[in-house]
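Letter by letter, the chains look like this.
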Amino acid sequence: DAGITQSPRHKVTETGTPVTLRCHQTENHRYMYWYRQDPGHGLRLIHYSYGVKDTDKGEVSDGYSVSRSKTEDFLLTLESATSSQTSVYFCAISDLGAGADTQYFGPGTRLTVL
Amino acid sequence: SQKIEQNSEALNIQEGKTATLTCNYTNYSPAYLQWYRQDPGRGPVFLLLIRENEKEKRKERLKVTFDTTLKQSLFHITASQPADSATYLCALAQNTGNQFYFGTGTSLTVIP
């Protein structure tokens, strides 16, 4: 998985609790992304980062925040988890961030919000 | 509204045949189109990229076409093998911005 790890790999939590997912890369790529994947919707971008402390929203950013204090780490936080945030979350990285660049995906985190 | 549609039904083909998967898009102007493979429980893996000014791209048994007039990309796997069984995703990227937009994927099963 191109030097990308995600933690935890599985998590079950309750509605209203905060949750933080971590993505760690060893490739020194500039761009990092958080996606969620749901049946019938495909992969949808939540937030992405184009450098340390530089982030931007994706198409489904409501209810999520991100932080990137180091090149290698990108954190996704659900401030108050809801059942609609039950999903599989993928982190991805790319070097150039443009459409001609390959994205490398992590193994995913399966989150269940009860 | 913007849409990216892939074969709605799962695709089952016999080993050795050519599998053809479609990706149609609406209200996008992609400069790049990528295809990914995803196995159950794993993240997508990049396969091929084609640019808007390219008609066709090949890599080993894989071929991608891109028709910006029809707003469609076709993805072909020739001499298919059971190991090709997976879900295949298309993704678009426009000239501006850093976002990729993914289709819902097509599940392919190659029957021995």
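Summarised in this report is the structure supplied together with it. Only a predicted model underlies this, so the values are computations on that prediction, with no experimental measurement involved.

As for the interface of chain A and chain B
Step number 1: The partner chain B presents 21 residues to the 26 residues of chain A that form the contact.
Step number 2: In total, about 1,700 Å² of surface goes out of reach between chain A and chain B, with carbon and sulfur atoms giving 52% of it.
Step number 3: Taken as a group, L43, G99 and A100 of chain A account for 26% of the area that chain A buries against chain B, more than any other trio of residues on that side.
Step number 4: Our enumeration of links across chain A and chain B arrives at zero salt bridges.
Step number 5: Run the count over chain A and chain B and you get four residue pairs in polar contact (both at pLDDT 80 or more).

Thoughts on the sheet that holds strand β3 (residues 19–25) of chain A
All names here are of chain A.
Step number 1: Judged by pairing direction, the sheet is antiparallel, and its four strands sit side by side in the order β1-β3-β8-β7 without closing on themselves. Because the sheet does not close on itself, it has two edges, and the strands there are β1 (4–7) and β7 (64–70). Across the sheet, the mean angle separating the axes of adjacent strands is 20° when strand polarity is ignored.
Step number 2: Of the pairings in the sheet, the one linking β1 to β3 comprises four bridges and is antiparallel in character. Residue pairing for β3: S7 is matched across the bridge by R22.

So, the state of the cysteines
Step number 1: This structure, assessed with the given rule, holds two disulfides over all chains.
Step number 2: The residue that forms a disulfide with C23 of chain A is C91 of chain A, at a sulfur-sulfur distance of 1.9 Å. Sign of the S-S torsion, about -70° for the bond between C23 of chain A and C91 of chain A, identifies this disulfide as left-handed. A residue pair is termed long-range when its members are at least 10 positions apart, and C23 of chain A in strand β3 and C91 of chain A in strand β9 (residues 87–94) qualify at 68 residues.
Step number 3: Overall, C91 of chain A belongs to the buried group, its relative accessible area being 0%.
Step number 4: Here C23 of chain B engages in a disulfide with C90 of chain B; their sulfurs sit 2.0 Å apart.

What counts as what
Residues numbered from 1 in each chain as written. Chains lettered and ligands numbered in written order. Predicted model: local features only at pLDDT ≥ 70, side-chain atom pairs only at ≥ 80, totals over all residues. Heavy atoms only, no water. Contact = heavy atoms within 4.5 Å. Buried area = accessible area lost by both parts, 1.4 Å probe. Salt bridge = Lys/Arg side-chain N within 4 Å of Asp/Glu carboxyl O. Polar contact = N/O pair within 3.5 Å; in protein donor to acceptor, adjacent residues only side chain to side chain. Pairing = 2+ DSSP bridges. Helix = DSSP H or I, 4+ residues; strand = E, 2+ residues; numbered from the N terminus. Axes fitted to C-alpha atoms, helices over the stretch in contact; angles between N-to-C directions. Disulfide = S-S within 2.5 Å. Buried < 20%, exposed > 50% of the residue type's maximum accessible area, 1.4 Å probe, protein only.

Everything listed here is a matter of geometry and, on its own, says nothing about what the molecule does.
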